[in-house]
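In case you want the letters, here they are:
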Amino acid sequence: MHLSSLLLGAIAATAVTAHPGHDIRAEHAERQAILDLVGRSDYGRCADKLKARGVEARAIARREELAKKIMKKRNLEARSIYARGTHQSNATYTLQTPASEIFASTDFCFLSPEVTEGPYYVAGEYIREDITEDQAGVDLALDLQVYDVETCEPVPNVYLEIWHCNSTGVYSGVSANGNGNGDAANLNATFLRGLQQTDADGIAQFETLFPGHYTSRATHIHVMVHVDPTVFPNNTIRSTTASHVGQIYFDQDLITEVEAEPVYNTNTQSLTLNSDDMLLQQGSKVGDPIVNYVYLGSTVSEGLLGWIGFGINTTLSKDVTAAATFYESGGVANSNGG
């Protein structure tokens, strides 16, 4: 689905519970309040400034290098098909297509500091690039950029955290009645969670899997930015504050393809379309929260590379509440969180 058609989708009129005790309508109102306060609507303006400062050229080279790295890792170098276009294009690329044509597009969205972190946020995650662990699914490499909405400058040396459910809709690190993670042993699980420190261009890269879905929410990945967290000797971070919290999404056509793949196709939870997710619809009003992507082989099963830019306001922050905290000795539930 192209963004133009996505924006035509109706916003749900009633509150929807994405997780037990989680009212999406309340989150929708919180996000709108901060967006009204900030009062910005054109974050694409930063694209021209980043290009002029050479940031875009470096991004093209970096994404091409990441693609080659992942393709080599998966023995895909000899494939004739390199990628299909982003969610805004039906273009088909080959190995001969210039990288400047494939990787130049960067869409931006604004991460509000007032968006809820959701009921399954876990503090104390590992600083690491590969968060896949033993999970099965479609490989997804992510190139994520953090920039300042006031100056359009990249934001270096902050910690970008991501977390998402697995191919059947289960989150690690929590013990709850929803989404199939009621087993107390799941508190010690750490799959599909992690952090990376941004470089001089505000970039953090991850190797993960394409997320699955769960009832009443469109397919998404949670993101959070920590400006000055505490780093512990076991290479984890615990922070009670975050500068920005948000979610990124995926093209509906791509979701449909992935959902037909093994493991994903065993998920019995109902699938919510992008056009029916009010948080996605709201985020689309101030930018493009859908990840740009290319295939790294001839089919989606051979993996994807995605990228997106996050605009943040570096002067704002909020307290965050974790459903659980992962310590060196294991996970501990927070009775006041989630």
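What counts and what doesn't
- Sequence order sets the numbering: in each chain, residues are counted from 1 along the sequence as written.
- For this predicted model, a pLDDT threshold of at least 70 governs which residues receive local features, and a threshold of 80 or more governs which side-chain atom pairs are given and counted, while totals over whole chains, interfaces and linings are taken from all residues.
- Water and hydrogen atoms were dropped before computing side-chain values, which therefore reflect all heavy atoms in the structure.
- Comment: elements are numbered from the N terminus, with helices defined as DSSP H or I runs of at least four residues and strands as E runs of at least two.
- Exposure categories follow from relative accessible area, calculated using a 1.4 Å probe and restricted to protein chains: below 20% of the type maximum is buried, above 50% is exposed, and the middle band is partly exposed.
- A contact between two residues is defined here by any heavy atoms of the two lying within 4.5 Å.
- Accessible areas in this description were obtained via Shrake-Rupley with a 1.4 Å probe; residue shielding takes into account the shown protein chains only.
- Whenever a carboxyl oxygen of Asp or Glu lies within 4 Å of a side-chain nitrogen of Lys or Arg, that contact is scored as a salt bridge.
- A strand pair is defined by DSSP finding two or more bridges across the two strands.
- Ring pairs shown here join Phe, Tyr and Trp side chains whose ring centres sit within 6.5 Å, with only the six-membered ring taken for Trp; geometry is labelled stacked below 30 degrees between planes, edge-to-face above 60, and tilted in between.
- Buried residues of nine kinds, namely Ala, Val, Leu, Ile, Met, Phe, Trp, Tyr and Cys, make up a nonpolar core once their side-chain atoms join them within 4.5 Å.
- Here an angle of 0 to 180 degrees is reported between the N-to-C directions of two axes, which are lines fitted to C-alpha atoms, with helices fitted over the stretch in contact.
- A helix is expected to span 1.5 Å for every residue after the first.

As named in an unreviewed UniProt entry, the protein chain is Intradiol ring-cleavage dioxygenases domain-containing protein, taken from Neurospora tetrasperma.

(A) Representation of the overall build of the protein chain within the structure. When helices and strands are counted, the protein chain shows 7 helices and 19 strands. The proportion of buried residues among the 338 residues of the protein chain is 59%. Counted over contacts in the protein chain with a minimum sequence separation of 6, partners at least 24 positions apart contribute 78%. About 13100 Å² of surface is accessible on the protein chain, with carbon and sulfur atoms providing 49% of the total.

(B) Structural view of the pattern of salt bridges. Within this structure, the stated rule accounts for 11 salt bridges. For Arg 63, the salt bridge is made with Asp 143, and the minimal N-O distance between the two is 3.3 Å. With a gap of 80 residues between them, Arg 63 in helix α4 (residues 55-73) and Asp 143 in strand β6 (residues 139-148) connect regions that are remote in the sequence. Judged on exposure class, the residue Arg 63 and its partner Asp 143 are both buried. Of the charged contacts, one joins Lys 69 and Glu 207 as a salt bridge, the two residues approaching to 3.8 Å between their closest N and O atoms. Residue Lys 69 is located in helix α4, and its partner Glu 207 is located in strand β9 (residues 203-209); the two are separated by 138 residues in the primary sequence.

(C) Here's a closer look at the sheet that holds strand β4 (residues 122-123). The mixed open sheet is built from 3 strands, whose spatial order is β4-β18-β19. The two strands at the open ends of the sheet, each matched to only one other strand, are β4 and β19 (330-333). Across 4 bridges, strand β18 (residues 324-327) lies against β19 in antiparallel orientation. Paired with Tyr 327 across the two strands is Gly 330, which belongs to β19.

(D) Quick look at unusual backbone geometry. For Leu 192, which is not a glycine, the phi torsion comes out positive at approximately 60°. Residue position: Leu 192 is located in the loop between β7 (159-163) and β8 (193-197). Leu 192 sits in the buried class, given a relative accessible area of 1%. One non-glycine residue, Ser 216, lies in the positive phi region at around 80°.

(E) The packing of aromatic side chains, seen in detail. In the structure shown here, the tally under the stated rule is 7 aromatic pairs. On the basis of an interplanar angle of 50° and a centroid distance of 4.5 Å, the ring pair of Phe 210 and Phe 250 is categorised as tilted. One end of the pair, Phe 210, is in the loop between β9 and β10 (220-226); the other, Phe 250, is in the loop between β14 (244-249) and α6 (252-259), with 40 residues separating them in the sequence. Taken together, the aromatic side chains of Tyr 120, Tyr 171 and Tyr 214 make up a single cluster linked through ring pairs.

(F) Molecular detail of the nonpolar core. Grouped together as the largest cluster of nonpolar side chains are 34 residues, with contacts concentrated most on Leu 160, Phe 210, Leu 254 and Leu 304. Put simply, the parts of the chain that give this core at least two residues each are β6, β7, β9, β10, α6, β15 (292-295) and β16 (304-312). If you look at the next biggest cluster of nonpolar residues, it comprises 19 residues, including Tyr 120, Met 224, Ala 242 and Ala 324.

(G) Inspection of the sheet that holds β8 at higher detail. Ordered in space as β8-β7-β10-β14, the 4 strands form an open sheet in which the pairing is antiparallel. Each having just a single partner strand, β8 and β14 make up the two edges of the open sheet. Averaged over all pairs of adjacent strands, the angle between their axes in this sheet comes to 25°, without regard to strand direction. Bridge count for β10 against β14 is 6 bridges, and the pairing is antiparallel. Bridge assignment links Ile 221 to a residue of β14, and that residue is Ile 248.

(H) Broad picture of the pairing of β10. Counting buried positions over the 7 residues of β10 gives 7, a clear majority of the element. Side chains His 220, His 222, Met 224 and His 226 project from β10 onto one buried face, and the interleaved Ile 221, Val 223 and Val 225 project onto a second face that is buried too.

(I) How the structure looks around α4. Compared with an ideal rise of 1.5 Å per residue, which puts 19 residues at 27 Å, α4 spans 27 Å between its outermost C-alpha atoms and is within 8% of the ideal. For α4, the set of buried residues is Val 55, Ala 59, Ile 60, Arg 62, Arg 63, Leu 66, Ala 67, Ile 70 and Met 71. Downstream of α4 by one or two residues, Asn 75 has phi in the positive range, about 60°.

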